[in-house]
Amino acid sequence: MEGEELTEQETALYDRQIRVWGADAQRRLTRAAILVYGINGAVAEFCKNIVLAGVGSLTLVDDRGVTEEALSANFLIPPDETLYEGKSLAELCSDSLKDFNPMVRVSAERGDISGFSGDFYSKFDVVVVSCCTLTTKKLINDKCRRLSKRVAFYSADCRYSSGEIFVDLHSYKYTKNKLDEAIECELQYPSFEQEATAVSWSKLPRKMSKLYFAMRVIEKFEEKEGRSPGGVSITDLPAVLKLKNELCEAQSLKESQIPDALLERLVSSQIEFPPVCAILGGVLGQEVIKAISGKGDPLKNFFLFDAFDGKGVIEDISSRDA
Amino acid sequence: MASQQQLSAVKIDMDTIEVSNLNRQFLFRRSHVGLSKAKVARDAVLRFRPNINITPYHANVKDPDFNVDFFKKFNVVLNGLDNLDARRHVNRLCLAADVPLVESGTTGFLGQVTVHLKGKTECYECQPKPAPKTYPVCTITSTPSKFVHCIVWAKDLLFAKLFGDTTQDNDLNVRSSDAAGSSENSKDVFERRKDEDIEDYGRRIFDHVFGYNIEMALSNEDTWKNRNRPRPIYSKDALPEKSIKQNGSVEKNGSTDDPSSVSAMASLGMRSPQDVWSLMENSKVFLEALKLFFTTREKEIGSLSFDKDDQLAVEFVTAAANIRASSFGIPLHSLFEAKGIAGNIVHAVATTNAVIAGLIVIEAIKVLQNDTKNYRMTYCLEYPTKNMLLMPVEPFEPNKSCYVCSETPLSLEINTYQSKLRDFVEKIVKAKLGMHSPIIMHGSALLYEVGDDLEEDMVANYAANLEKVLSELPSPVTGGTMLTVEDMQQELVCNVNIKHREEFDEEKEPDGMVLVGWSQPSSTEKKEENHRVSDVGTSNSSRPIAELNEDAEISTMEETDVVPTKKRKLSTASKNATSPSSSKVPADTDNHGKVEEIDDDDDDDDVVVMLDGNPDNTKTRRVVTSKNLCV
């Protein structure tokens with residue numbers, strides 16, 4: 001490792017986590033640059049975790065203003081309304097986050113980054129998106145993949161009491177510790193486009209998480225109806241169910257694989273359930289730390305959590321394997 | 001949890017904030033270091049949810065003020081404790097008050113959340129938890145084979161002898177076959193003579209413990225028949241040159257007003273706590289640390305106890321442990337690693353704690369809504385099992401053999417003619433049964449009790465009883481009799497059947513008595529191997545070492561009793577081979593709490609948990625959080 005030692009202050013502050021992943025990994029973290037686009041409750045939690053972990057920098061982009069829904073799930077937004085004047089969600093969150101760890105450079109930017117150039121993206125090591133349309137998600141994922149530098153891509157979505165994290169590390173090499181030996185591993189990740197749209201549902205394992213399908217249905221619904229992300233509500237349920245049936249038929253999937261009750265639950269509230277945000281933000285945080293440090297088996301490629309049954313499941317979905 | 005409306009909470013925490021907390025306990029800032037966790041946390045939460053009612057107590061949850069009546073005021077108790085003793089205590093109070101308890105713990109990437117309801121699920125103690133690891137005295141004093149043994153020696157023996165209370169018993173000198181190594185001599189040896197040059201003193205101590213004592217041990221042939229012989233190390237070999245008085249070494253250590261900034265490493269120009277020092281470097285640190293204690297912290301000598309946040313103490317213990325390790329052919333460790341072991345430091349990250357916190361809230365809400373069918377024990381794994389990173393399991397039924405919630409009697413094998421009542425009280429009642437204010441009765445005879453309001457003659461009587469062997473107590477305790485042990489605060493009563501036994505194995509049964517029916521799992525070492533999470537000697541640091549550690553932090557991640565791998569339907573009996581607990585299973589009938597994964601083949605049409613503020617509930621709900629670790 002290049003000789004930049006951790007400072008005494010860093011060693012004291014990060015002592016407990018250095019005991020988990022080692023000083024080398026910590027050094028890599030302090031050099032990492034993270035970009036976040038779209039801040040929902042889960043991503044707010046993620047930001048908190050990654051700032052506490054001591055990354056080099058965190059750049060937030062979310063031009064929206066504060067809403068009731070945001071306030072109920074995003075603990076970074078100060079309750080004092082007088083502070084909102086003229087500030088974007090990203091700017092408000094950025095201000096709060098700086099407090100958590102003064103050693104991290106936290107900043108906010110404005111704009112629709114899906115239109116930004118590759119140069120912009122190459123400044124970062126990790127990109128996390130949320131609250132964006134299917135189109136935007138695919139676009140940004142694609143931009144990351146086109147760079148010669150490896151930029152890890154994650155998306156995080158929370159619908160009421162369930163959530164999903166998607167991971168794309170492209171072609172990823174890392175070391176794993178097995179019985180005191182360091183083993184070199186390599187994984188190939190598909191893009192969101194490759195698996196989300198290209199994968200054939202009927203070819204997926206029968207035991208596949210139902211939440212995965214439900215998420216795809218709602219995602220498709222939002223795209224079809226031109227809704228803003230998370231804009232589906234309980235009144236849309238009949239239309240959502242209709243779409244589900246159509247998709248199942250097109251994909252030769254039994255309708256019971258996507259229970260109506262599950263879809264109903266996902267659209268029943270537009271508010272994210274805070275403990276689910278914490279869980280998603282925690283898992284996402286850990287994944288990003290693994291990717292930056294190059295240590296530990298990264299998640300491949302979906303993580304799904306449903307508070308209803310309490311399971312946090314990993315599904316490996318790729319159109320090539322299925 | 002704060003996002004819920006109409007909530008009122010009480011928060012109990014005896015700790016103050018430290019820098020090392022800040023990497024995960026995000027309600028705290030650097031400016032809060034030294035302040036009460038309970039109070040600062042409360043203030044922080046109020047800042048983003050001004051409308052809830054939280055009462056902080058900067059106090060120990062074991063305080064008698066927090067009695068059963070206190071606990072009865074709450075709808076649910078959430079634990080975020082970092083030691084087994086407090087957890088057991090709260091478990092008992094919750095049972096006595098019949099209040100649901102949500103327990104949790106984390107270590108590194110592992111964590112779990114469990115729910116406990118009296119009569120319906122296992123209590124926290126139904127499944128035995130690993131107690132802090134203890135080591136036989138002879139392993140520490142004569143035959144260490146692991147680095148941790150050297151740490152215990154350096155910390156609890158050498159450090160204590162040199163800097164701690166000298167009136168305390170200390171096993172420091174090796175028991176040699178030559179009785180001339182008497183305690184009189186040893187007292188002289190460790191004391192610094194009047195006007196003795198500090199470096200000479202240091203080398204004399206060095207030579208005594210690393211040279212002479214080892215030679216004495218070697219003279220006992222039997223010990224080394226099947227073991228590698230240690231080699232004596234003398235300071236003239238390890239560190240031939242007398243150190244030139246370091247220029248301004250005292251100045252380098254900054255003002256002597258701040259003893260905590262004094263450091264041997266700094267004085268010697270050694271920068272990284274991650275380096276593994278050579279024998280020579282360790283010897284330098286040993287001597288330098290000793291010197292610095294005597295030159296800058298003389299007043300404290302004689303009353304110091306080891307504190308992991310005391311840099312100089314950590315340096316000394318690291319150096320001493322390493323020299324001893326070198327002598328016995330045990331690999332040396334860095335200061336960073338040694339500190340973790342000596343200080344029982346639990347490795348911890350923000351992310352796992354966030355996940356567990358989320359899971360705690362989910363269970364707490366189920367409890368508040370009386371959603372009894374859906375309570376889950378949830379395990380957060382480092383490596384997914386059957387695709388699951390978060391694994392929910394239905395709670396078990398109470399263990400019928402649990403002496404805490406099922407009032408099952410225990411048996412004690414003990415030599416009633418040799419063991420004193422004091423031994424019983426210390427080793428069994430307090431250490432194993434976790435009672436703090438016990439009352440011990442033999443039939444109707446009161447043998448011992450603890451209390452503030454006792455009369456003088458009673459106190460004298462009890463003091464006398466403690467020193468008597470069991471068979472000679474006013475109400476003689478011999479084989480076949482039964483003792484009743486009770487803790488008033490915990491409202492726990494235990495019956496202990498006494499069985500007389502003559503002999504005990506010194507190594508395997510170091511206490512000289514064996515409690516049966518209180519099952520202690522076998523060595524935790526094997527389990528640790530499966531959970532080695534990093535290549536920085538953390539496998540040791542997550543293990544508490546000697547019995548006397550206050551900060552024993554234990555993740556109660558129960559490695560053996562997790563994860564039934566088979567799904568079990570309601571009507572079949574359990575064949576869960578990995579589980580240690582006996583009565584897990586109900587054969588059929590209307591019993592709840594089976595060992596079962598959530599069956600996801602059924603189409604679940606159950607009603608979803610309503611999560612927004614309960615519309616028809618006008619009472620304020622109260623929640624207790626006993627937080628001592630994660631947020």
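Residues numbered from 1 in each chain as written. Chains lettered and ligands numbered in written order. Predicted model: local features only at pLDDT ≥ 70, side-chain atom pairs only at ≥ 80, totals over all residues. Heavy atoms only, no water.

Participant: Can you break down the interface of chain B and chain A residue by residue, with the values?
Facilitator: With 63 residues of chain B in contact, the opposing surface of chain A contributes 59 residues. Both faces considered, chain B and chain A share a buried interface measuring about 5100 Å² in area, 61% of it formed by carbon and sulfur atoms. Scanning the region where chain B abuts chain A turns up 1 salt bridge. Among the salt bridges present, the one from Arg29 of chain B reaches Asp99 of chain A, with a minimum N-O distance of 3.7 Å. On the surface where chain B and chain A come into contact, there are 11 residue pairs in polar contact (both at pLDDT 80 or more). (Contact = heavy atoms within 4.5 Å. Buried area = accessible area lost by both parts, 1.4 Å probe. Salt bridge = Lys/Arg side-chain N within 4 Å of Asp/Glu carboxyl O. Polar contact = N/O pair within 3.5 Å; in protein donor to acceptor, adjacent residues only side chain to side chain.)

Participant: Tell me about the sheet that holds strand E8 (residues 410-414) of chain B, and please be specific about residues and values.
Facilitator: Residue and element names in this part refer to chain B. The sheet built from 6 strands is open, its strands ordered E10-E9-E11-E12-E8-E13 with mixed pairing. Since the sheet does not close on itself, it has two edges, and those belong to strand E10 (445-449) and strand E13 (513-516), each with one partner. Ignoring strand direction, the axes of neighbouring strands in this sheet form an average angle of 25°. With 5 bridges connecting them, E8 and strand E12 (residues 492-500) associate as parallel partners. Note on E12: the bridge partner recorded for Glu413 is Lys499. (Pairing = 2+ DSSP bridges. Helix = DSSP H or I, 4+ residues; strand = E, 2+ residues; numbered from the N terminus. Axes fitted to C-alpha atoms, helices over the stretch in contact; angles between N-to-C directions.)

Participant: Could you give an account of the side chain of Asn399 of chain B, with specific residues and numbers?
Facilitator: Residue and element names in this part refer to chain B. On the secondary structure map, Asn399 appears in the loop between strand E7 (388-393) and E8. According to the relative accessible area criterion, Asn399 is buried, its value standing at 7%. Only 2.9 Å separates the side chain of Asn399 from the backbone nitrogen of Ser401, close enough to count as a polar contact. (Buried < 20%, exposed > 50% of the residue type's maximum accessible area, 1.4 Å probe, protein only.)

Participant: Tell me about the domain arrangement of chain B, residues and numbers included.
Facilitator: Residue and element names in this part refer to chain B. For chain B, the domain assignment lists domain 1 (8-132 + 347-393), domain 2 (137-173 + 189-240 + 259-343) and domain 3 (410-516). One C-alpha centre belongs to domain 1, the other to domain 3; they are set 33 Å apart. The interface is formed by 11 residues belonging to domain 1 together with 10 residues belonging to domain 3. Buried surface at the junction of domain 1 and domain 3, summed over both partners, amounts to about 850 Å²; 44% is from carbon and sulfur atoms. On the domain 1 side of the interface with domain 3, the three residues burying the most area are Arg88, His89 and Arg92, jointly 57% of the side's total. Linking domain 1 with domain 3 are 0 salt bridges. Taken together, domain 1 and domain 3 are joined by 11 residue pairs in polar contact (both at pLDDT 80 or more). Ranked by residue count, the leading element in the side of domain 1 that touches domain 3 is helix H3 (residues 84-97), at 6 residues. Of the residues that constitute the side of domain 1 that touches domain 3, the class distribution is 5 nonpolar, 1 polar and 5 charged. (Domains from an automatic or database assignment. Nonpolar A, V, L, I, M, F, W, Y, C, P; charged D, E, K, R; others polar.)

Participant: Hey, could you go over the pairing of strand E5 (residues 152-159) of chain A for me, with residue numbers and the actual values?
Facilitator: Residues and elements named next belong to chain A. Of all the 8 residues making up E5, 8 are buried; the element is thus mostly covered by neighbouring parts of the structure. Residues Ala152, Tyr154, Ala156 and Cys158 line one face of E5 and the alternating positions Phe153, Ser155, Asp157 and Arg159 line the opposite face, and both faces are buried. Sheet topology note: the strand E4 (residues 126-129)/E5 ladder contains 4 bridges and is parallel. The partner of Val128 across the bridge, within E5, is Tyr154. The handedness of the E4 to E5 crossover, carried by helix H7 (residues 134-146), is right-handed. Of the pairings in the sheet, the one linking E5 to strand E6 (residues 162-168) comprises 7 bridges and is antiparallel in character. Looking at the pairing, Arg159 lines up with Ser162 of E6. The turn linking E5 back onto E6 is made up of 2 residues, and Tyr160 within it adopts a positive phi angle of 55°. (Right-handed = clockwise from strand over helix to strand, strands pointing away.)

Participant: Tell me about the environment of Leu92 of chain A, residues and numbers included.
Facilitator: Structurally, Leu92 of chain A can be placed in helix H5 (residues 89-100). Each C-alpha atom, one on Leu92 of chain A and one on Leu76 of chain A, is 7.6 Å from the other, the two residues being 16 residues apart in sequence.

Participant: How would you explain the pattern of salt bridges if you had to name every residue and give the values?
Facilitator: All names here are of chain A. Counted by the stated rule, this structure contains 47 salt bridges over all chains. A salt bridge links Asp95 to Lys87, with the shortest nitrogen-to-oxygen separation between them at 2.8 Å. In this structure Lys87 comes out as partly exposed when scored by relative accessible area, which is 36%. By sharing partners, the salt bridges in this structure join Lys137, Asp157, Glu164, Arg216 and Glu219 into a single network.

Participant: Can you lay out H5 of chain A for me, pointing to particular residues and giving the numbers?
Facilitator: All names here are of chain A. If you check H5, its first and last C-alpha atoms are 17 Å apart, about what 12 residues at 1.5 Å a residue would give, namely 16 Å. Buried within H5 are the following residues: Leu89, Ala90, Leu92, Cys93, Ser94, Ser96, Leu97 and Phe100. Contacts from the buried residues of H5 go to helix H3 (41-53), strand E2 (57-61) and strand E3 (105-109). (Expected span 1.5 Å × (residues − 1).)

Participant: Account for the packing of helix H12 (residues 274-293) of chain A against helix H14 (residues 350-368) of chain B, with residues named and values stated.
Facilitator: Between H12 of chain A and H14 of chain B, whose axes approach to 7 Å, the crossing angle comes to 160°. Put simply, H12 of chain A runs roughly antiparallel to H14 of chain B. Seen from above, H12 of chain A lies across H14 of chain B with left-handed handedness. Contacts from Pro275, Val276, Ala278, Ile279, Gly282, Val283, Gly285, Gln286 and Ile289 of chain A in H12 of chain A reach Thr351, Ala354, Val355, Gly358, Leu359, Val361 and Ile362 of chain B in H14 of chain B. Partitioned by chemical class, the residues of the contact of H12 of chain A with H14 of chain B number 11 nonpolar, 5 polar and no charged. (Parallel < 35°, antiparallel > 145°, perpendicular 65-115°, else oblique. Left-handed = near helix turned anticlockwise from the far one by under 90°.)

Participant: Go over the UniProt feature "binding site: Zn(2+)" (unreviewed entry) in chain B, please, and point to the residues and values.
Facilitator: All names here are of chain B. With numbering matched to this structure, UniProt assigns "binding site: Zn(2+)" (unreviewed entry) to Cys123, Cys126, Cys402 and Cys405. Spanning 283 residues, the named residues form one tight spatial group whose C-alpha atoms are at most 8.5 Å apart. By the secondary structure assignment, Cys126 is in the loop between strand E5 (110-116) and helix H4 (137-141). Owing to a relative accessible area of 4%, Cys126 belongs among the buried residues under this scheme. Discounting residues that sit within four places of it in the chain, Cys126 has contacts with Pro398, Asn399, Cys402 and Cys405. Tracing the chain through its elements places Cys402 in the loop between E7 and E8. Sequence-distant contacts of Cys402, that is, excluding residues within four places in its chain, are made with Cys123, Glu125, Cys126, Glu407 and Thr408. (UniProt positions renumbered as here; feature names shortened; annotations may be inferred.)

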